[in-house]
Amino acid sequence: MQASVNAGDHPTDTSSVEAEACIRVDDLELAIRRSSKRRTLQITVERTGELSVSAPPEVGIDQLRDFVHEKRFWIYTKLAEKDRLQRAVPAKVFVSGEGFLYLGRSHRLKMVETQDVPLKLAHGRFALRQDAQPQAREHFIRWYSEKACVWLSGRVAEYQSRMEVAPAGVKVQDLGYRWGSCGKGDWLYFHWKTILLPARIAEYVVVHEMVHLHEPHHTPAFWQRVERAMPDYAQRKAWLAEHGIDVEGL
Ligand SMILES: [Zn+2]
């Protein structure tokens, strides 16, 4: 991941790379790498989070500092992205006390001896029957899928008249890395994990897929339709891009 800017022409007769001292800009520390082969200034954010700035030999320290200063928001964004990607989503354990999301809220799990169904949400807690524990994950997925189907169908019904679409219906399944898709015969497909998202974010996923019934691709016309149906869609979309990964563990 690199940011570049032209630093002007310079002689390219010799080539040498030498590591110099570091420069500090605010709380950022960057190793300086000089090379006579370079024509531009470039900041690199390593996988480890280490930073460096590469520069032609004649670029002064003040110009380097200005460049880093100008690019600092880009650097912070990249560092935050790395941080997020490295933060592994821990696998859920199905024991009392573990939290499970439902429409954006975390509910604690409680193991119970007896209960009419293997899993239910009651009084703000998920209750899992002891003998169902070996298949806990399957029970959760089934529970989420059922709730998702009902809830998402409700949102589709709410939006469909004003969006002038007539979806065939809603199907909930494991869609891998996608939240939703729209398929043959105008069926709308949603990942069961959609029901873990906060309601307003799940609603954006619904609107997004419904607009695909009009516009199959992400063209400007597609986003115009999304905005017409949901004027603040951009915030919700941004939230999903940033936090969506956090709901992926189960
Ligand atoms: Zn799409």
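All figures in this text were calculated on a predicted structure; none of them were measured in a lab.

Participant: Quick one: what's the story with the coordination of the zinc ion, residue by residue and with numbers?
Facilitator: Ligation of the zinc ion by protein atoms is provided by His208 (NE2), His212 (NE2) and His218 (NE2), these donors lying 2.0 Å from the ion. Site description for the zinc ion: donor spacing in sequence, H-x3-H-x5-H. The buried category is assigned to His212, whose relative accessible area is 10%.

Participant: Please set out the nonpolar core residue by residue, giving values where relevant.
Facilitator: Counting residues in each nonpolar core, the largest one holds 47 residues, and the members touching the most others are Phe126, Phe140 and Tyr144. By residue number, the principal contributor to this core is helix H3 (residues 136-163), which donates 11 residues. With residues near it in sequence (within four places) discarded, Tyr144 still touches Phe100, Leu101, Phe126, Trp192, Ile195, Leu196 and Leu250. By size, the runner-up hydrophobic cluster in this structure holds 16 residues, among which are Val25, Leu30, Leu41 and Val53.

Participant: Help me get a handle on the sheet that holds strand E7 (residues 105-112), residues and values and all.
Facilitator: A sheet is described by the order of its strands in space; here four strands give the open sequence E6-E7-E9-E8, paired in mixed fashion. Of all the strands in the sheet, the pair left with one neighbour each is strand E6 (99-102) and strand E8 (119-122). Recorded for the sheet is a direction-independent mean angle of 35° between the axes of neighbouring strands.

Participant: Describe the side chain of Gln42, with residues and values.
Facilitator: Take Gln42: it is sitting in strand E4 (residues 40-45). For Gln42, a relative accessible area of 13% puts it in the buried group. Reaching out from Gln42, the side chain makes a polar contact with the side chain of Arg38 at a distance of 3.5 Å.

Participant: Report on the packing of aromatic side chains, specifying residues and quantitative values.
Facilitator: Applying the stated criterion to the full structure yields 14 aromatic pairs. Summarising the aromatic geometry, the rings of Phe100 and Phe140 are spaced 4.2 Å apart at their centres and angled 20° between planes, so their arrangement reads as stacked. One end of the pair, Phe100, is in strand E6; the other, Phe140, is in helix H3, and 40 residues separate them in sequence. Accessibility assignment for this pair places Phe100 and Phe140 in one class, buried. Relative to Tyr144, the ring of Phe126 has its centre 6.3 Å away and its plane inclined at 75°; by these criteria the two rings are edge-to-face. Taken together, the residues Phe126 in strand E9 (residues 125-129) and Tyr144 in helix H3 connect sequence positions 18 residues apart. Judged by its relative accessible area of 0%, Phe126 is buried. Put simply, the rings of Phe94, Phe100, Tyr102, Phe126, Phe140, Trp143, Tyr144 and Trp192 touch in pairs and so form one group of aromatic residues. Taking the ring centre of Trp187 as reference, the NZ or CZ of Lys171 above it sits at 4.3 Å. The ring of Trp223 has Lys237 sitting right over it, with the charged end atom 4.7 Å from the ring centre.

The rules behind these values
- Residues numbered from 1 in each chain as written.
- Predicted model: local features only at pLDDT ≥ 70, side-chain atom pairs only at ≥ 80, totals over all residues.
- Heavy atoms only, no water.
- Donors = N, O, S within 2.8 Å, 3.2 Å for Na, K, Ca; no water.
- Buried < 20%, exposed > 50% of the residue type's maximum accessible area, 1.4 Å probe, protein only.
- Core = buried A, V, L, I, M, F, W, Y, C linked by side-chain atoms within 4.5 Å.
- Helix = DSSP H or I, 4+ residues; strand = E, 2+ residues; numbered from the N terminus.
- Contact = heavy atoms within 4.5 Å.
- Pairing = 2+ DSSP bridges.
- Axes fitted to C-alpha atoms, helices over the stretch in contact; angles between N-to-C directions.
- Polar contact = N/O pair within 3.5 Å; in protein donor to acceptor, adjacent residues only side chain to side chain.
- Phe/Tyr/Trp six-rings, centres within 6.5 Å; stacked < 30°, edge-to-face > 60°.
- Lys NZ or Arg CZ within 6 Å of the ring centre and 35° of its normal.

On their own, these measurements won't tell you what the molecule is for.
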